[in-house]
Amino acid sequence: MKIAICPGSFDPITVGHLDIINRASALFDKVIVLVVINVDKKCAFTPEERAEMIAKVTADIPNVEVDIYGGLLIDYFKEHNASVIVKGLRAMTDFEYEFQMALINRQLYDKADTLFLTTSVENMYLSSSAVKQIARFNGDISHFVPDVLLDTIIDRLHKKETEEVL
Ligand code: PNS
């Protein structure tokens, strides 16, 4: 069985992430969307909340699973006997960081290849950070996140902004 891992922060998942997950699910027997806990990164949603949001929007894709991990990606890769790491590439700005990560992971374990799927053109500019920033200032994020998550995301980010101001 060919298992692909789609790792990321997913804080929160965007339609760009979902597009990559969907396309990966057509290429592999199983796709594990992995919420990676990064203690150095301040996130708006807990890992459990992020995983729950991903599970909700991928519920209709039978070969997609969601998991949370707090260690090295490569250790998870080995533990789950995965075949490949799948990442989305937006612009050249992503390339240097992603290239470095792919090389490091392969250095750590030579069977760990990273497959880059180019983003769909309409998601070229999209990022979770942009979504959070727009939502905090009451901007329209409806084109950027899956419909079913819209209220949850707006509710959290507006509340957070209010709490920070108070
Ligand atoms: O969505 P992001 O924040 O760009 O995802 C980055 C992520 C989580 C895929 C990356 O930071 C990662 O793989 N973290 C796990 C720690 C690790 O294995 N690092 C590689 C050696 S530096």
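Residues numbered from 1 in each chain as written. Predicted model: local features only at pLDDT ≥ 70, side-chain atom pairs only at ≥ 80, totals over all residues. Heavy atoms only, no water.

**As for the site of the ligand**
Heads up, the condition is: What makes a residue near a molecule or strand is one non-hydrogen atom of that residue sitting within 4 Å of it. For this analysis, a polar contact is any N or O atom pair within 3.5 Å, provided that within protein one partner can donate a hydrogen and the other can accept it, and provided that sequence-adjacent residues contribute only side-chain to side-chain pairs. Using a 1.4 Å probe, the Shrake-Rupley method yields the accessible areas, and only the shown protein chains count as cover for residues. In this analysis, the protein atoms alone were mapped onto a 1 Å grid. Cavities are point sets where a 1.4 Å probe fits without being able to get out; pockets are open sets with protein on both sides within 12 Å along at least five of seven lines; lining residues have an atom within 4 Å of a point. Molecules are considered to sit inside a cavity or pocket once more than half of their atoms lie within 2 Å of its grid points. Secondary structure is summarised from DSSP: a helix means a run of H or I of at least four residues, a strand means a run of E of at least two, and numbering begins at the N terminus for each.
Around the ligand, the neighbouring residues are Pro7, Gly8, Ser9, Val36, Lys41, Gly71, Leu72, Leu73, Lys87, Tyr97, Met101 and Ile104. Taking Lys41, its side chain carries an N or O atom lying 2.9 Å from an oxygen atom of the ligand. Here an oxygen atom of the ligand sits 2.8 Å away from a polar atom, N or O, in the main chain of Leu73. Protein burial of the ligand: of its 560 Å² of free accessible surface, 73% is covered by the chains. The site holding the ligand turns out to be the largest pocket. For the shell around the ligand, the secondary-structure elements that each account for two or more residues are strand 1 (3-8) and helix 4 (92-108). The leading source of residues in the shell around the ligand is helix 4, at three residues.

**Digging into the nonpolar core**
For clarity, the cut-off: As used in this record, nonpolar core signifies buried Ala, Val, Leu, Ile, Met, Phe, Trp, Tyr and Cys residues forming a set joined through side-chain atoms within 4.5 Å. Type-normalised accessible area, obtained with a 1.4 Å probe on protein chains alone, sets the label of each residue: buried when under 20%, exposed when over 50%, and partly exposed for intermediate values.
Counting 33 residues, the largest nonpolar core has Ile13, Val31, Val33, Val86, Ile141 and Ile153 as its most contacted members. Counting twelve residues, the second largest nonpolar core, distinct from the first, contains Ile3, Ile74, Ala82 and Ala112.

**Some details on the packing of aromatic side chains**
When we look at a pair of aromatic rings, we describe it by the centre distance and by the angle of the planes. The test is simple: Side-chain rings of Phe, Tyr and Trp, where Trp is taken by its six-membered ring, are said to pair if the distance between their centres is within 6.5 Å; with planes under 30 degrees apart they count as stacked, over 60 as edge-to-face, and otherwise as tilted.
Counted according to the given criterion, the structure contains four aromatic pairs. Pairing Tyr69 with Tyr76 gives two aromatic rings, centres 5.1 Å apart and planes at 65 degrees, and the pair type is edge-to-face. In this structure, Tyr69 and Tyr76 share a single accessibility class: buried. An angle of 20 degrees between the planes, with centres 5.0 Å apart, marks the rings of Phe95 and Phe99 as stacked.

**Things to note about the sheet that holds strand 4 (residues 84-89)**
Here is the rule we go by: Any two strands are treated as partners once DSSP identifies two or more bridges connecting them. Every axis corresponds to a line fitted to the C-alpha atoms, with the helix fit spanning only the stretch in contact, and the corresponding angles, defined between N-to-C directions, vary from 0 to 180 degrees. Note on contacts: a residue pair qualifies if any of its non-hydrogen atoms lie within 4.5 Å across the two residues.
Strands sit in the order 3-2-1-4-5 across an open sheet of five strands; the sheet is parallel. This sheet does not close on itself; its edge strands, each paired only once, are strand 3 (64-69) and strand 5 (113-118). Taken over all neighbouring pairs, the strand axes of this sheet differ in orientation by 30 degrees on average, direction set aside. Inspection of the sheet shows strand 1 paired to strand 2 (residues 30-36) by six bridges, in the parallel sense. Within strand 2, the position partnered with Gly8 by the bridge is Val35. With respect to the sheet, helix 1 (residues 15-27) is in contact with strand 1, strand 2, strand 3, strand 4 and strand 5, its orientation differing from that of strand 5 by roughly 125 degrees. Helix-sheet contacts for helix 2 (residues 47-58) involve strand 2 and strand 3, and the interaxial angle to strand 3 is about 175 degrees.

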